[in-house]
Amino acid sequence: MTPRHLTVAAVALLALAWAWLPEFTVTLLNYIALYALVAVGLVMLTGVGGMTSFGQAAFVGTGAYATAWVCVSPLSSAALTGLLPPALWPWLGLLLGLALTAGLAWGLGAITLKLSGHYLPLCTIAWGLSLYFLFGNMDALGGHTGIGGLPPLLLAGLSLASPRSLGPLIWAVLLLSLWMLHNLLDSREGRAIRSLKNGRVMAESMGVNTARYRVKVFVLAALLAAVSGWFYAHLQRFVNPTPFNLNIGIEYLFMAVVGGSGHLWGAVLGAGLITLLKARLQDILPHLLGRSGNFEVIVFGLLMLVMLHRAADGLWPIMARLSRRWVKAPAAATPMQHAPWPQPALAAPGAVLLETRGLTKRFGGLVANDAVSLTVLAGEVHALIGPNGAGKSTFFNLVSGVDEPCAGDVELLGQGMTGRAARSFAQLGLGRTFQHVRLLGQRSVLDNVALGAHRLGRHGWLAAMLRLDRAEEAALLAHARLQIERCGLSGWADLPAASLSLGQQRTVEIARALAGGPLLLLLDEPAAGLRHLEKQALATLLKQLRAQGLGILVVEHDMEFVMNLADRVTVMEFGGVICRGTPAQVQADHRVREAYLGVGVDDLQGPET
Ligand code: ADP
Ligand code: MG
């Protein structure tokens, strides 16, 4: 049995049993689906995207109040009468709710998602509270009393007034959402979303506009919450502010965390468990304590502490592990055979790919780069060497848009790039690796490398959700596999990146940079941690790339490696260039000898290697 069989069986069972389930169970199941819709948005936002929100209940409220206002308020009734049959009013309410929520989330996201660390969660609390009080204080929304008398939903002439008739629609929407989100995560766009949590600097260097992706994930989560609110309003046929307050916002987050915030189905599990537990506790606790009150909150708080201690990843991974005896992991999809991505046109040999003039970077009083001027030509390997702290990595960051220079210019393919974002450099054909490896350790090598090819793809979120991107995705993955093969890592393609040795992880970074089809490659200490044979293989690969016409700028401490490979060498010390020339010229230069503490020239080595 595979997870897919299990899902189909569970859904079929639920569908068959639905008509015979007791009323109470049907109501509970409806609420579980409603909560799961919000929680699955939080899984995308928090577990996958790395942004914590306590304020989702406010978006549920926006969805609920929008439809209530459209269907019941005298103002909208007067405007709609004669214009639209009343049966369609709730659907107009849904549209209004989605539009309002999208606008609100986009605005709030654009302002608050720039904040990092604990400021973002704090802000979500602030706007969660604000919206809650807004609902309660707007006369048009009925103040704290709320709005009653909402009509039931009508679908194809069928009234969905009872929980038993509305439930299947709610569950259908939940299952459809799960399917679409699963598809989204299993795509080029999904790889970019997964990089938001721990790899934003890296993803920007692969051409991903991470700020935009963060806002989009935020809007997506808010829209799911608004749909839940819309259903809620037409299930209850009454709205007031209470279900949209901060407590409930925290409960939604709790559901996602308990279920497993990194897993879409964790949202359903969490929503189910918390809803059932809450119902039981509300029965039992007043008896036990002899008083009524929201005592379940205390139990939830304690439970949260235990969870975070014992199972920080939530219950879904634990369940998946326990069920492995009966449920087989789905067979890894056999890679679709596909013609690899066409190699982008390279620049003519000798053309200037990168040129910097007087590039300067200061960190406080420290001048890390002091007026560095340098060119990299197509079809050459240009080595940048110098002792630790000389400013080589800083230079890499300046010429790849990761950091901004204090003075000086950067030109890439003749275009002025000073002050532009890393993704613009990537879009023009700059590929880079990082000295401190930046991989998504839990994702496969293939996934990591395919992220490098992000800039080549075109399909957006909706296409990915509806599986319209499959041909492009297959081509991108074939292209990524080819780069992995080229770098000699074929046997590792489907393993988590973190399981490779550090040297191999550096090579994965090279494959990822190559996947973007670069014209210019920046490699920061690519040979560090490689064994002798691996270094030779790397040198062969770089020579091949050079022969194809790529320009390569490489920082490396292994002098044998550098001197055998480089066409030109630039030596830096204390942020400035002290020497440049062919390997032979540089090895003969007395300043270079001094910089390297008088180490024999034949085996020039950085003192730290
Ligand atoms: P290299 O790569 O040649 O070893 P770096 O470019 O990493 O050298 O560092 C050059 C100098 O700039 C070092 O003294 C380092 O401590 C300093 N430096 C680098 N990045 C930062 C930063 N973000 N903030 C402050 N100082 C930095
Ligand atoms: Mg460095």
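Since we're looking at a predicted model, the values are computed, not measured. Every chain begins its residue count from 1, and numbering advances along the sequence as written. Chain letters and ligand numbers both follow the written order, the letters beginning at A and the numbers at 1. At least 70 in pLDDT is required for a residue's local features to be given in this predicted model, at least 80 for side-chain atom pairs to be given and counted, and no such filter applies to totals for whole chains, interfaces and linings, which use all residues. As a convention, hydrogens and water are excluded, and side-chain values are obtained from all of the structure's heavy atoms.

## Focus: the overall build of the protein chain
Definition in use: Under the DSSP-based scheme used, a helix requires at least four consecutive residues in state H or I and a strand at least two consecutive residues in state E, with every element numbered from the N terminus. Buried residues are those whose accessible area, probed at 1.4 Å on protein chains only, stays under 20% of the maximum for their type, while exposed residues exceed 50% and partly exposed ones sit between those limits. Note on areas: Shrake-Rupley, 1.4 Å probe, and residue coverage restricted to the protein chains presented here. We score Asp and Glu as negative and Lys and Arg as positive, and we do not count His or the chain ends. By convention, charge coordinates are those of NZ in Lys, CZ in Arg, CG in Asp, or CD in Glu.
Of regular secondary structure, the protein chain possesses 24 helices and 14 strands. A burial count over the protein chain gives 51% of its 609 residues as buried. As presented, the protein chain carries roughly 26900 Å² of accessible surface, and 63% of it is formed by carbon and sulfur atoms. Separation between the mean location of the 45 positive side-chain charges and that of the 36 negative ones in the protein chain comes to 8 Å.

## Examining the domain arrangement of the protein chain
Our working definition: The start and end points of each domain follow an automatic or database-based domain assignment. By the convention used here, residues are in contact when the closest approach between their heavy atoms is within 4.5 Å. The buried area of a pairing is the accessible area, by a 1.4 Å probe, that goes missing from both parts when the two are put together, added over both. For this document, the term salt bridge refers to a Lys or Arg side-chain nitrogen within 4 Å of an Asp or Glu carboxyl oxygen. For the purposes of these results, a polar contact is taken to be a pair of N or O atoms within 3.5 Å, where, inside protein, one atom must be able to donate a hydrogen and its partner to accept one; residues adjacent in sequence count only when each atom of the pair is a side-chain atom.
Partitioning the protein chain into structural domains gives domain 1 (27–245), domain 2 (348–429 + 518–603) and domain 3 (439–516). Relative to domain 3, the C-alpha centre of domain 2 lies at a distance of 26 Å. Listed per partner, the contact involves 18 residues of domain 2 and 11 residues of domain 3. Between domain 2 and domain 3, the buried area comes to about 1100 Å², and carbon and sulfur atoms account for 62% of it. Counting the surface domain 2 buries against domain 3, the share from its top three residues, Gln-427, Pro-518 and Leu-541, is 35%. Inspection of the region where domain 2 meets domain 3 yields 0 salt bridges. For the pair domain 2 and domain 3, the number of links is 5 residue pairs in polar contact (both at pLDDT 80 or more).

## Re the coordination of the magnesium ion (ligand 2)
As a reminder of what qualifies: Here a donor is an N, O or S atom found within 2.8 Å of the metal, or within 3.2 Å if the metal is Na, K or Ca; sites may look incomplete because water is not among the atoms.
Distances from the magnesium ion (ligand 2) to its protein donors, Ser-393 (OG) and Gln-435 (OE1), fall within 2.0 Å. Placement of the pair is Ser-393 in helix H15 (residues 392–399) and Gln-435 in the loop between strand S10 (430–432) and helix H17 (445–452), with a sequence separation of 42 residues. The class for Gln-435 is partly exposed, based on a relative accessible area of 22%.

## A closer look at the sheet that holds strand S9 (residues 415–416)
Stated formally: Strands are treated as partners if at least two bridges between them are detected by DSSP. Here an angle of 0 to 180 degrees is reported between the N-to-C directions of two axes, which are lines fitted to C-alpha atoms, with helices fitted over the stretch in contact.
Within the open sheet, the 4 strands sit side by side as S6-S5-S8-S9. Their pairing is antiparallel. Here the strands that pair on one side only, and so sit at the sheet edges, are strand S6 (366–377) and S9. Summarising the sheet, strand S5 (residues 352–363) and strand S8 (residues 407–412) pair through 5 bridges and their orientation is antiparallel. Looking at the pairing, Leu-354 lines up with Leu-412 of S8. Together, S5, S6 and S8 form the strand contacts of H15, whose direction differs from that of S5 by roughly 120°.

## So, the pattern of salt bridges
Note that side chains of opposite charge can pair when their charged atoms are close. Summed over all chains, the structure comprises 19 salt bridges. Glu-23 is paired through a salt bridge with Arg-164; the nearest N and O atoms lie 3.3 Å apart. Separated by 141 residues along the polypeptide, Glu-23 in helix H2 (residues 23–48) and Arg-164 in helix H7 (residues 163–185) bring together distant segments of the chain. Between Arg-470 and Asp-186 there is a salt bridge, and its shortest N-O distance comes to 3.7 Å. With Arg-470 in helix H19 (residues 470–486) and Asp-186 in the loop between H7 and helix H8 (188–198), this residue pair connects regions lying 284 residues apart in the sequence. One salt-bridge network, held together by shared partners, links Asp-186, Arg-467, Asp-469 and Arg-470.

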